[in-house]
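Listed below are the residues making up each chain.
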Amino acid sequence: MDRLKLKAVLGSHPHVKAVKGGELRSDLFDLDFVEYTPTNTAFKPMVREQAFDVCEMAIVTYLMAKAHGKPLVLLPATMLGRFQHAYALTNPAHGALGPSDLEGKRVGIRSFTTTTGAWIRGILANDYGVDLDKIRWITFEDPHVAEYVDTTERAPKGKKILQMLLDGELDAVLGETSDSPKLKPLFPDPAAEAAKWYARRGVVPVNHLVVVTEKLARSRPDVVAGVYDLLKRNKDQAAPAVSPDFIPFGVEANRKPLELIVDYAFQQALIPRRYAVEELFDETTRGLN
């Protein structure tokens, strides 16, 4: 078999540093890394054109891509997991707001389909009883999946999300952080809220995993398994085993967060039905642990 050269996009995470730097390599293939900053700017060309062989991808983008028949295959290799409560902001100068107070308010988000947005909306709806349909959503970018019909209100051209919050043109924003002393977390104590949420749910929200093209998965399942193995070796080297695990690898380790984000994405009409976890993978990747 010829040694393959695979075009790849992965963020600059500590647990992929040895793979990206070439210290960890495979006998089957070479990874030719293309840098995208921020990494999420690679998701659109991967979904729309399958521009890379291997690509980090937000899980909600993948779920929506699957719903629209995009030829991508998921690997159970988490690149980014985090608690989401710190990624929602308000401006107290324009009125005190908590998570239960967003109905009837203007809430900005980069794109309605972002994974952080889906996680936080799921928390608002399921833990705080917020009716998401009663929020006036203001967005700034198109979804990565072109077929999704975005019915949100688009921010005026040239407007910046955090500046709109500072100026009182938005009441809250999701998916952002800021050093501005004028802006405060929507959840009064995000760390405490996250700890309570984890105690109840037993889940660390996963944001980004890895996908490969269906073409690669069908033609060289051995290479796809090799990509996973390489990434897992790097994770095992770089990240000591801790609980909770913010970068879980394997189908079983990712089962609970995947079940929950599927549930939230379905509730929010981002996908047409609830997928079983097994459906998110193919014959090769379904067996990876």
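Residues numbered from 1 in each chain as written. Predicted model: local features only at pLDDT ≥ 70, side-chain atom pairs only at ≥ 80, totals over all residues. Heavy atoms only, no water.

S.K.: Could you clarify how one ought to interpret the sheet that holds strand β6 (residues 106-109) in this entry?
M.R.: Pairing between the strands of a sheet is mediated by backbone hydrogen bonds and can be parallel or antiparallel. One open sheet accounts for six strands, arranged β8-β7-β6-β9-β5-β10; its pairing is mixed. Unpaired on one side and paired on the other, β8 (153-154) and β10 (184-185) mark the two borders of the sheet. Of the strand pairs in this sheet, strand β5 (residues 88-90) and strand β9 (residues 172-174) are connected by three bridges, and their pairing is antiparallel. By the bridge assignment for β9, Leu89 is matched with Val173. (Pairing = 2+ DSSP bridges. Helix = DSSP H or I, 4+ residues; strand = E, 2+ residues; numbered from the N terminus.)

S.K.: Would you mind showing me how to read the packing of helix α3 (residues 59-67) against helix α9 (residues 251-267) here?
M.R.: The geometry of a pair of packed helices is captured by two quantities: the angle between their axes and the separation between those axes. Orientation of α3 relative to α9, taken along the N-to-C sense of each, is 65 degrees, at an axis distance of 11 Å. Crossing angle aside, the handedness with which α3 passes α9 is right-handed. The residues of α9 that touch α3, namely those facing Ile59, Val60 and Leu63, are Leu258, Ile261, Val262 and Ala265. Its residues placed into classes, the contact of α3 with α9 shows seven nonpolar, no polar and no charged. (Axes fitted to C-alpha atoms, helices over the stretch in contact; angles between N-to-C directions. Left-handed = near helix turned anticlockwise from the far one by under 90°. Contact = heavy atoms within 4.5 Å. Nonpolar A, V, L, I, M, F, W, Y, C, P; charged D, E, K, R; others polar.)

S.K.: Looking at this structure, I do not really get the environment of Leu124. What am I missing?
M.R.: Along the chain, Leu124 falls in helix α4 (residues 115-128). For the pair formed by Leu124 and Leu102, sequence separation is 22 residues and the distance between their alpha carbons is 9.1 Å. Non-local contacts of Leu124, meaning those with residues more than four positions away in its chain, are made with Pro99, Leu102, Gly129, Val130, Leu132, Leu186 and Phe187.

S.K.: What is the right way to look at the packing of aromatic side chains in this model?
M.R.: Aromatic rings considered in pairs are described by the distance between their centres and by the relative angle of their planes. In total, this model carries eight aromatic pairs according to the counting rule given. Relative to Tyr264, the ring of Trp119 has its centre 5.7 Å away and its plane inclined at 80 degrees; by these criteria the two rings are edge-to-face. Pair noted here: Trp119 is in helix α4 and Tyr264 is in helix α9, with a separation of 145 residues, a long-range link. The same class applies to Trp119 and to Tyr264, which are both buried. Plain terms: the ring middles of Tyr128 and Phe187 are 5.6 Å apart, the flat faces sit at 55 degrees to each other, and that makes the pair tilted. Placement of the pair is Tyr128 in helix α4 and Phe187 in the loop between β10 and α6 (190-201), with a sequence separation of 59 residues. What makes Tyr128 partly exposed here is its relative accessible area of 24%. An aromatic cluster of at least three residues, connected via ring pairs, comprises Phe83, Tyr198 and Phe246. (Phe/Tyr/Trp six-rings, centres within 6.5 Å; stacked < 30°, edge-to-face > 60°. Buried < 20%, exposed > 50% of the residue type's maximum accessible area, 1.4 Å probe, protein only.)

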